[in-house]
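Analysis of the macromolecular model
Residues per chain, in single letters:
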Amino acid sequence: MQPLFADKRGLITGVFNKQSIAWAIAEQILNAGGECGFSYMPDKPDDERRKNLGRVSKLTEGNPQVKFLQPMDVTNDEQIAELMNVAKSKLGRLDFLLHSIAFALPDDLKRDTIETSRAGFKLAMEISVYSLIALANAARPLLTEGASILTLTYMGGERAVPGYNVMGICKAALDSTVKYLAFDLGAGGVRVNALSPGYVPTAIQGKMGLTPEQVAEFETGITQSVPLGRAGRSEE
């Protein structure tokens, strides 16, 4: 029997480190025979160590299924276009696209939602929501019939979660965006879905503005409400 992703090629966005849900998904795809290209957040010009590239390189180096690493700022249309040019050159087509990109200013996450700054709201929506539209549109010429676009969401878009604040509003908008993109692309046989994996500890926990005691209380509430009695793991 062929591996599940044999002869499948796609693009992975949003891997930050080993704890990223995006990396857990990518790792499964690679192990199942898929070929992947990765985008990563561009390093700052004065970062001689190139930490962003280094984090992704550390995970992917030596894997023949990894075809390229390409910097990409989702607020920059030229960089999005260049990412797709590289994908076309290295992969030829896209059978899947993983969107795992979200951001809100730490100061906005630390304050009540009602105090969210106008600039912070715009930035959070652009990076966390519009980026899916921008990437899907740019990838459209490369998407095969039967291709899949997947993004990651969270229950904070359905109900208020303490500390999630403006990011919860973004997830609600992202969920709606998925439906409209599915409508637009469905005629071409392209599926668009959102995965809500439940509570999985990732890098965002440190940016929600909660004290360690509040994080512990939050995690206790979550684990008491799920059948497994614990938080999820990215590999799951």
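Before any of the text, the structure's been laid out above.
In this text the structure is predicted, and so the values were computed from the model without any measurement. (Residues numbered from 1 in each chain as written. Predicted model: local features only at pLDDT ≥ 70, side-chain atom pairs only at ≥ 80, totals over all residues. Heavy atoms only, no water.)

A word on the overall build of the protein. The helix and strand tally for the protein stands at 7 helices and 6 strands. In the protein, the succession of α and β elements from N to C terminus is β-α-β-α-β-α-β-α-α-β-α-β-α. Partitioning the intrachain contacts of the protein with sequence separation of at least 6 by distance along the chain shows that 73% fall at a separation of at least 24. Carbon and sulfur atoms form 52% of the exposed surface of the protein, whose accessible area is close to 13,000 Å². (Helix = DSSP H or I, 4+ residues; strand = E, 2+ residues; numbered from the N terminus. Contact = heavy atoms within 4.5 Å. Areas by Shrake-Rupley, 256 points an atom, 1.4 Å probe, with all protein chains shown as cover.)

We now examine the packing of helix α5 (residues 118-139) against helix α6 (residues 166-186). Running from N to C, α5 and α6 point in directions that differ by 20°, and their axes come no closer than 9 Å. Judged by the inter-axis angle, α5 sits roughly parallel to α6. For the element pair α5 and α6, the recorded crossing hand is right-handed. Facing α5, whose interface residues are Phe121, Ala124, Met125, Ser128, Val129, Leu132, Ile133 and Ala136, α6 presents Val166, Met167, Ile169, Cys170, Ala173, Leu174, Thr177, Val178 and Leu181. In terms of residue class, the contact of α5 with α6 is built from 15 nonpolar, 2 polar and no charged. (Axes fitted to C-alpha atoms, helices over the stretch in contact; angles between N-to-C directions. Parallel < 35°, antiparallel > 145°, perpendicular 65-115°, else oblique. Left-handed = near helix turned anticlockwise from the far one by under 90°. Nonpolar A, V, L, I, M, F, W, Y, C, P; charged D, E, K, R; others polar.)

Moving on to the nonpolar core. If you look at the biggest cluster of nonpolar residues, it comprises 29 residues, and the most contacted ones within it are Met84, Leu94, Leu135 and Ile149. Taken together, the elements giving at least two residues each to this core come down to α3 (77-90), β4 (94-99), α5, β5 (143-152) and α6. Here the element with the most residues in this core is α5; it accounts for 6 residues. Not counting the four nearest positions on each side in its chain, Leu94 is found in contact with Arg9, Gly10, Leu11, Met84, Ala87, Ala139, Leu142, Leu143, Thr144 and Ala147. In this structure, Ile12, Ile29, Leu53 and Phe96 belong to the second largest nonpolar core, which totals 15 residues. (Core = buried A, V, L, I, M, F, W, Y, C linked by side-chain atoms within 4.5 Å. Buried < 20%, exposed > 50% of the residue type's maximum accessible area, 1.4 Å probe, protein only.)

On to the pattern of salt bridges. Tallied over the full model, the rule gives 5 salt bridges. Of the charged contacts, one joins Asp7 and Arg93 as a salt bridge, the two residues approaching to 3.6 Å between their closest N and O atoms. Taken as a pair, Asp7 in the segment before β1 (9-12) and Arg93 in the loop between α3 and β4 lie far apart in primary sequence, 86 residues in all. Salt-bridge contacts for Asp47 lead to Lys51; the nearest nitrogen and oxygen are separated by 3.4 Å. (Salt bridge = Lys/Arg side-chain N within 4 Å of Asp/Glu carboxyl O.)

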